[in-house]
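Working through the structure, step by step
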Amino acid sequence: MNRTRKPGISRRATLAFMGAGAATFAAPWVARAQAKTIKIGMPTILSGRVAQLGTSSRNAVMLEVEKVNAAGGLAGRQIEMV
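Residues numbered from 1 in each chain as written. Predicted model: local features only at pLDDT ≥ 70, side-chain atom pairs only at ≥ 80, totals over all residues. Heavy atoms only, no water.

Looking only at helices and strands, one finds 2 helices and 2 strands in the protein chain. Going residue by residue from the N terminus, the α and β elements of the protein chain occur as α-β-α-β. Counting only residues that meet the buried cut, the protein chain has 7% of its 82 residues in that class. As displayed, the protein chain has an accessible area near 7,300 Å², and 62% of this comes from carbon and sulfur atoms. (Helix = DSSP H or I, 4+ residues; strand = E, 2+ residues; numbered from the N terminus. Buried < 20%, exposed > 50% of the residue type's maximum accessible area, 1.4 Å probe, protein only. Areas by Shrake-Rupley, 256 points an atom, 1.4 Å probe, with all protein chains shown as cover.)

Structure, rendered in structure tokens:
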């Protein structure tokens, strides 16, 4: 059984063109998004009997974030704790 190729654009080529078009269209937003700060969240316990552990962990992370930001940030971008 021989398969013959039909004239026209294949499904694979159509998907490749659509992907390239989407990447070209989205590139300015990606570049603009990289100029913003990096937001980091930390799930921890801040109330109850073990609140002291969560508070000390949060303070340690905040110290490291301040140290990294003072050194120029992470890959040139500032870090923000949320």
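After presenting the structure, the write-up continues.
Taken as a whole, the protein chain shows an average pLDDT of 81; of its residues, 78% reach a score of 70 or greater. Mean pLDDT per element in the protein chain: helix H1 (residues 11-33) is the minimum at 71, and helix H2 (residues 51-70) is the maximum at 93. (pLDDT = per-residue confidence, 0-100.)

This next bit is on unusual backbone geometry. At Ala75, a position not held by glycine, the phi torsion is positive, near 60°. Inspection of the secondary structure assignment puts Ala75 in the loop between H2 and strand E2 (79-81).

This paragraph deals with the pattern of salt bridges. Throughout the structure, instances matching the rule amount to 1 salt bridge. Close ionic contact of Glu64 with Lys67 constitutes a salt bridge, the shortest N to O distance being 3.4 Å. Within this pair, Glu64 and its partner Lys67 are both found in helix H2, separated by 3 residues, close to a single helical turn. Residue class for Lys67 comes out exposed when judged on its relative accessible area of 53%. (Salt bridge = Lys/Arg side-chain N within 4 Å of Asp/Glu carboxyl O.)

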